[in-house]
Amino acid sequence: MLREEKAAGTALGIEADKLTRGGKLVGDEIINSVVAAWLGRQGGDDFVFDGYPRTLGQAEALEQMLAERKQPLDVVFLLEADISTLRSRVENRAICKACGNIVSVGLHVTDASANCPRCGGVLTRRADDNAETLERRFAEYAEKTAPLIGYYEKRHLLRRVNTGRTPEQVFAEVFQILNEHYH
Ligand SMILES: [Zn+2]
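These numbers come from a predicted model, not from an experiment. (Residues numbered from 1 in each chain as written. Predicted model: local features only at pLDDT ≥ 70, side-chain atom pairs only at ≥ 80, totals over all residues. Heavy atoms only, no water.)

**Re the overall build of the protein chain**
Scanning the protein chain for helices and strands turns up eight helices and five strands. Going residue by residue from the N terminus, the α and β elements of the protein chain occur as α-α-α-α-β-α-β-β-β-α-α-β-α. Counting every position in the protein chain, which comprises 183 residues, the buried fraction comes to 28%. Taking all contacts inside the protein chain whose residues are at least 6 apart in sequence as the whole, residues at least 24 apart take part in 56%. Carbon and sulfur atoms provide 54% of the accessible area of the protein chain, an area that totals close to 12100 Å². If you average the places of the 24 positive and of the 27 negative side-chain charges in the protein chain, the two averages end up 4 Å apart. (Helix = DSSP H or I, 4+ residues; strand = E, 2+ residues; numbered from the N terminus. Buried < 20%, exposed > 50% of the residue type's maximum accessible area, 1.4 Å probe, protein only. Contact = heavy atoms within 4.5 Å. Areas by Shrake-Rupley, 256 points an atom, 1.4 Å probe, with all protein chains shown as cover. Lys, Arg positive; Asp, Glu negative; His and termini not counted. Charge placed at Lys NZ, Arg CZ, Asp CG, Glu CD.)

Below you can see the structure in the form of structure tokens.
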């Protein structure tokens with residue numbers, strides 16, 4: 001959504017771009033405005049947010065926006081993984097210089113010297129995939145995002161999915177939970 005706003009050259013997009021370039025996180029106010037603008041353009045009832053909300057301020061704003069639309073949330077997924085799994089995912093992650101494809105070494109390609117399976121481009125490590133950034137993200141998660149677990153448990157919306165399995169197994173469980181809500 002932020003990329004769309006930036007591409008469209010809106011004031012929100014420009015502001016968000018300035019913050020992310022400076023290595024800063026985009027604050028709740030901007031994120032919520034972007035979501036509100038996006039929701040305003042949606043005619044249908046069915047959508048999935050990925051990576052939003054990430055803070056209580058965002059969750060409360062979303063609840064308000066959806067209440068106004070009379071479209072409350074059906075379900076919230078908590079995709080869980082233990083810290084060692086997350087560490088190894090970050091350590092094994094590579095990005096294609098040419099097309100931006102993100103691949104996992106050992107899953108999508110056999111080793112780090114392989115080429116991009118999508119376009120044949122050169123794979124490289126992401127600049128922000130290092131131990132220091134990871135520790136900072138964990139700390140930020142614990143402080144800002146983890147409180148959402150209780151928030152959505154209280155509303156009986158939270159479903160936990162263990163992602164320490166194959167992508168097929170994780171997909172099957174998410175699909176089954178969605179089916180419970182739509183049949
Ligand atoms: Zn590529």
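Let us keep going from here.
**Digging into the sheet that holds strand E4 (residues 123–124)**
With antiparallel pairing, three strands are arranged side by side in an open sheet as E3-E2-E4. Two strands in the sheet have a free side with no partner beyond their single neighbour: strand E3 (102–104) and E4. (Pairing = 2+ DSSP bridges.)

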